[in-house]
Amino acid sequence: MTSPSIASPVDRHNMHARGREKLKAHLAVLLFAMLLATSFSFGGMATKVIDPIALTALRYLLTVLVTGVICFKIKRYPFALPKRPGRFLAIGALMSTYMLSMFIALQFTAPVATGAIFTIMPLMSAGFAWLLMRQRTRGRVLVSLSIAAIGAIWVIFRGDIQALLSFDLGKGEMIYLVGVTAHAIYVPLLRKFNENEPPLIFMFWTAVATLGFILIPGTPKLLALDYGSVPPLAWFMVAYLAIVMTLITFLLLQYAAQRLPAPKVLAYSYLTPTFIILLEGALGHGWAPFGVFAGAIITAAGLLAMATLPD
């Protein structure tokens, strides 16, 4: 019988932050969505000179190195294999599946199509959170998520109704759907598999496991890469993706996942297409038509409603 002073696993996964901790968790995933937008612009620039799979392998190699130095040299955590290492193998397999499926899918379809598939991830995560942890999502939260998704789809298709109506599930979309499903499972597992390790230790072993899976297709790409011809700017992009887009965003996601329901954690990714448009405009790559921003307003309204609803 469960002691009254200790929450059962099911109860623990349905206990969420309140007050300032809840606000900080929402701000963490808002920052995550903003940083995620930069990865599309900067990552796209890097993949013009480095094979995408090789780039991903380099990114995780550097992440493992930097995180290891912070953990074991700066923070002085004792080095020891993690308890139940299968946790990290599962998380690493899911994250590598998502990363690789995205690159493979883009060989068969356009970014706008993968963006449309991406919008179902928060709703899928709500289903997996219930299956894996019996984490309950209120009906009003699901409605607000759906409103935010509609706004995101409007932005992704740039307000083109004809493009939206002609959208079709092809080979590339189905490949990316596998990756989106993997990521939808990944987020609730960040809470389920956490056993009170320091966040950086959890990040280190997650990055090690993810790298191990990525090196399977990535090793031949790394061996074939002409390192001498890679310009300094591309190496800067690799460093940015490793430190900001892998290490920092993982810590933000992990922080939020311990305090908010899984679908709320992923919901802010609906703002990523809007942030991409703003960043691309700021970089001088052109601005979207003003009408596209109507979708951004709808998304913001849905997310605001979601954030204020009880967890």
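Residues numbered from 1 in each chain as written. Predicted model: local features only at pLDDT ≥ 70, side-chain atom pairs only at ≥ 80, totals over all residues. Heavy atoms only, no water.

1. Notes on the environment of Ile120
Reasoning step 1: Inspection of the secondary structure puts Ile120 in the loop between α5 (111-118) and α6 (121-133).
Reasoning step 2: In this structure Ile120 touches Leu177 and Val180, once residues within four positions along its chain are discounted. (Helix = DSSP H or I, 4+ residues; strand = E, 2+ residues; numbered from the N terminus. Contact = heavy atoms within 4.5 Å.)

2. A few points about the pattern of salt bridges
Reasoning step 1: Using the criterion set out here, one finds six salt bridges in the structure.
Reasoning step 2: A salt bridge links Glu21 to Arg259, with the shortest nitrogen-to-oxygen separation between them at 2.7 Å. Of this pair, Glu21 sits in helix α2 (residues 19-46) while Arg259 is found in the loop between α11 (232-257) and α12 (262-267), placing the two residues 238 residues apart along the sequence.
Reasoning step 3: The partner of Glu197 in a salt bridge is Arg87, with the nearest N and O atoms 2.5 Å apart. With Glu197 in the loop between α9 (171-192) and α10 (199-224) and Arg87 in helix α4 (residues 86-105), the pair connects residues that are 110 residues apart, well separated along the chain. For the pair Glu197 and Arg87, one class covers both residues: buried. (Salt bridge = Lys/Arg side-chain N within 4 Å of Asp/Glu carboxyl O. Buried < 20%, exposed > 50% of the residue type's maximum accessible area, 1.4 Å probe, protein only.)

3. Regarding the nonpolar core
Reasoning step 1: Core analysis: the largest hydrophobic core is formed by 86 residues, its most contacted members being Ile50, Tyr98, Tyr176, Tyr186, Leu190 and Tyr268.
Reasoning step 2: By residue number, the principal contributor to this core is α11, which donates 13 residues.
Reasoning step 3: When neighbours within four sequence positions are excluded, Tyr98 is seen to be in contact with Phe118, Met121, Tyr176, Gly179, Val180, Ala182 and His183.
Reasoning step 4: Counting five residues, the second-largest nonpolar core is a separate cluster that includes Val155, Ile277, Ala288 and Val292. (Core = buried A, V, L, I, M, F, W, Y, C linked by side-chain atoms within 4.5 Å.)

4. Some details on the packing of aromatic side chains
Reasoning step 1: Enumeration according to the criterion identifies eight aromatic pairs in this entry.
Reasoning step 2: Ring geometry for Phe72 against Phe204: centres 5.2 Å apart, planes inclined by 90°, an arrangement best described as edge-to-face. With Phe72 in helix α3 (residues 52-74) and Phe204 in helix α10, the pair connects residues that are 132 residues apart, well separated along the chain.
Reasoning step 3: Judged by relative accessible area, Phe72 falls into the buried class, the value being 18%.
Reasoning step 4: With a relative accessible area of 7%, Phe204 lands in the buried category. (Phe/Tyr/Trp six-rings, centres within 6.5 Å; stacked < 30°, edge-to-face > 60°.)

5. With respect to unusual backbone geometry
Reasoning step 1: A positive phi angle, near 45°, is found at Arg84, a position not held by glycine.
Reasoning step 2: Looking at the element boundaries, Arg84 is found in the loop between α3 and α4.
Reasoning step 3: A relative accessible area of 47% places Arg84 in the partly exposed class.
Reasoning step 4: Look at Asn196: it is not a glycine, yet its phi comes out positive at around 65°.
Reasoning step 5: Structurally, Asn196 is set in the loop between α9 and α10.

6. A closer look at the confidence of the model for the protein chain
Reasoning step 1: The predicted model of the protein chain averages 82 in pLDDT, with 89% of residues at 70 or higher.
Reasoning step 2: The secondary-structure element of the protein chain with the lowest mean pLDDT is helix α1 (residues 9-13), recorded at 52, while α10 shows the highest, at 95.
Reasoning step 3: Contacts for the low-pLDDT stretch residues 1-7, under 50 throughout, to residues beyond four places or in other chains number three contacts. (pLDDT = per-residue confidence, 0-100.)

7. Quick notes on α11
Reasoning step 1: The terminal C-alpha atoms of α11, which comprises 26 residues, lie 36 Å apart, in line with the 38 Å expected from a rise of 1.5 Å per residue.
Reasoning step 2: At Thr249, α11 shows its largest bend, some 30°. (Expected span 1.5 Å × (residues − 1). Bend = angle between axes of the 7 residues up to and from the residue.)

8. Comments concerning the side chain of Glu197
Reasoning step 1: A relative accessible area of 15% places Glu197 in the buried class.
Reasoning step 2: A polar contact is formed between the side chain of Glu197 and the side chain of Arg87, at a distance of 2.5 Å.
Reasoning step 3: A distance of 3.1 Å separates the side chain of Glu197 from the backbone nitrogen of Glu195, its partner in a polar contact.
Reasoning step 4: Contact partners of Glu197, with chain neighbours within four places excluded, come to Arg87, Phe88 and Phe202. (Polar contact = N/O pair within 3.5 Å; in protein donor to acceptor, adjacent residues only side chain to side chain.)

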